[in-house]
Amino acid sequence: MKKIAIYSSHAFEEPYLDDANKNSYQLIYISEPLSSNNVSLCSGCAGIAIFTSDEVSADILSRLKIEGIQFIVTRSTGYDHIDIKKATALGITVANVPGYSPNAIAEHAVALILALSRHLIRSNENVNRYDFSINELIGFNLDGKTVGIVGTGKIGEVVCKILNGFGCQLVAFDIKENKGLVEKYGLKYVTMEALCHLSDIITLHAPLNESTQYLVNKTSIQNMKDGVMLINTSRGKLINTADVLEALDNGKISCLGTDVYEKEKGIFFNDYSKKGIDDQVLKSLINNKNVLLTSHHAFLTKEALKNIADTTMFNISCFTNHSENPNQLT
């Protein structure tokens, strides 16, 4: 039976992976992220399965090649944590899990919008102190508001569907336009600059690459409406956190809802409740009353976990059986 090393494994996903595996492979669960210190743990394995917390650099890939690793499957849609060019050069094939559950992430983004627009967290905190006053809890309706959607792939498409139901006016920025969204929901594609000018709420659903890194920065923020709401359930590095914190302080951005953070690796998915954290920028986000930060769990639904596990095992099966794989990246 071939062995597969599962790096950055979590208790919440292991039952789903075991069920999808159907005893086809020997799965070796390694809770720590892949690093130069533990790359040897995959010795004797045909391939490895990784997560977004694993940084698969050129050096790590070279080490994996020495260990005899033939393929890598990432349990995520994004693959910016993998040096794809180096993997291709080494002959290591890579596959991802495209569109495993756009509903899960889209619904989380809208949940952040609703929680912020109606001050749900602050209201709950007040009630827990037996403070039932509502003077500082004035929110706003979503109906009639203009929402800018950056990235109209599978997740952005679901966001359009949901927000159309609230009566929002929808504008979007993407290098590839989806004519179906224009026809169904009256979505209007505009430039990024125009989106910033028009939007009461901006929600990010773009992949992370050279052109999108720090898409939200001091310049783009200056183009935004005063008091804009910013939502990010994509990748932390789409936002320059320091610039956003400054904009929160001066009121240019009224509130931020984010499931990701640009320096989250090594922190998110771990319990630091006893020893605390040293990241002062992250502390600033957490302590800001106008920030709603969740711990990168927008994807975490039963349906999504099943889809991720099923597709991961499908990718492994394709590689080990040398069959065509539509999810292959290299």
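Source: prediction; values computed, not measured.

K.L.:
Is there a simple way to think about the overall build of the protein in this case?
P.N.:
Helices and strands together make up the secondary structure of the protein, namely 12 helices and 12 strands. Computed over the C-alpha atoms, the radius of gyration of the protein is 21 Å, within 12% of the 20 Å expected from 2.2 N^0.38 for a compact globule of 330 residues. Seen through its principal axes, the protein has C-alpha atoms that stretch 65 × 50 × 35 Å. Restricting to contacts in the protein with at least 6 residues of sequence separation, those with at least 24 account for 66%. Of the charged side chains in the protein, 31 are positive and 36 negative, and the gap between their average positions amounts to 2 Å.

K.L.:
I would appreciate a short explanation of the packing of aromatic side chains in the present structure.
P.N.:
Centre-to-centre distance and the angle between the planes together describe a pair of aromatic rings. For the structure on display, the rule yields 4 aromatic pairs. Where Phe71 meets Phe319, the ring centres are 5.2 Å apart and the plane angle is 35°; that geometry is what we call tilted. Here the residue Phe71 occupies a position in strand 4 (residues 71-74), and Phe319 occupies one in helix 12 (residues 302-320), the gap between them amounting to 248 residues. A relative accessible area of 1% means that Phe71 is categorised as buried. An aromatic cluster is present here, built from Phe12, Phe51, Phe269 and Phe299 joined pairwise through their rings.

K.L.:
Can you walk me through the pattern of salt bridges in this structure?
P.N.:
Overall, the coordinates contain 7 salt bridges when judged by the stated rule. The partner of Lys306 in a salt bridge is Asp310, with the nearest N and O atoms 2.7 Å apart. Of this pair, Lys306 and Asp310 both sit in helix 12, 4 residues apart, roughly one helical turn.

K.L.:
What's the story with the sheet that holds strand 4 in this structure? I'm lost.
P.N.:
To summarise the sheet geometry, strands pair through backbone hydrogen bonds and adopt either a parallel or an antiparallel arrangement. In spatial order, the strands read 2-1-3-4-5; together these 5 strands make up an open sheet with parallel pairing. Either end of the sheet is taken by a strand with one partner, and the two such strands are strand 2 (26-30) and strand 5 (93-95). Within this sheet the neighbouring strands show an average axis-to-axis angle of 20°, counted without direction. Packing of helix 1 (residues 14-21) onto the sheet brings it into contact with strand 1 (3-7) and strand 2, and relative to strand 2 it is tilted by some 165°. Each of strand 1, strand 2, strand 3 (47-50), strand 4 and strand 5 is contacted by helix 12, which is oriented at about 165° to strand 4, the strand it contacts most.

K.L.:
Help me understand the sheet that holds strand 12 (residues 291-293), please; the structure alone is not making it clear to me.
P.N.:
With parallel pairing, 7 strands are arranged side by side in an open sheet as 8-7-6-9-10-11-12. Edge strands, defined here as strands with exactly one partner in the open sheet, are strand 8 (188-189) and strand 12. Of the strand pairs in this sheet, strand 6 (residues 146-150) and strand 9 (residues 201-204) are connected by 4 bridges, and their pairing is parallel. Counted as the bridge partner of Val147 is Ile201 from strand 9. Across the sheet, helix 10 (residues 241-250) touches strand 10 (228-232), strand 11 (253-258) and strand 12, and the angle it forms with strand 11 is around 135°.

K.L.:
What is the right way to read helix 10 from this model?
P.N.:
Note: α-helices contain 3.6 residues per turn, so residues at a spacing of three or four share the same orientation. Here helix 10 has its buried residues at Thr241, Asp243, Val244, Leu245, Ala247 and Leu248. On its buried face, helix 10 is in contact with helix 9 (218-222), strand 10, strand 11, helix 11 (280-287) and strand 12. A positive phi of about 90° marks Gly251, the residue just after helix 10.

K.L.:
Is there a simple way to think about helix 12 in this case?
P.N.:
Given a rise of 1.5 Å per residue, 19 residues ought to cover 27 Å, and the 27 Å separating the end C-alpha atoms of helix 12 matches this to within 8%. Of all the residues in helix 12, the buried ones are Ala304, Leu305, Ile308, Ala309, Thr311, Thr312, Met313, Asn315, Ile316, Cys318, Phe319 and Thr320.

The rules behind these values
Residues numbered from 1 in each chain as written. Predicted model: local features only at pLDDT ≥ 70, side-chain atom pairs only at ≥ 80, totals over all residues. Heavy atoms only, no water. Helix = DSSP H or I, 4+ residues; strand = E, 2+ residues; numbered from the N terminus. Rg over C-alpha atoms; globule rule 2.2 N^0.38 Å. Contact = heavy atoms within 4.5 Å. Lys, Arg positive; Asp, Glu negative; His and termini not counted. Charge placed at Lys NZ, Arg CZ, Asp CG, Glu CD. Phe/Tyr/Trp six-rings, centres within 6.5 Å; stacked < 30°, edge-to-face > 60°. Buried < 20%, exposed > 50% of the residue type's maximum accessible area, 1.4 Å probe, protein only. Salt bridge = Lys/Arg side-chain N within 4 Å of Asp/Glu carboxyl O. Pairing = 2+ DSSP bridges. Axes fitted to C-alpha atoms, helices over the stretch in contact; angles between N-to-C directions. Expected span 1.5 Å × (residues − 1).

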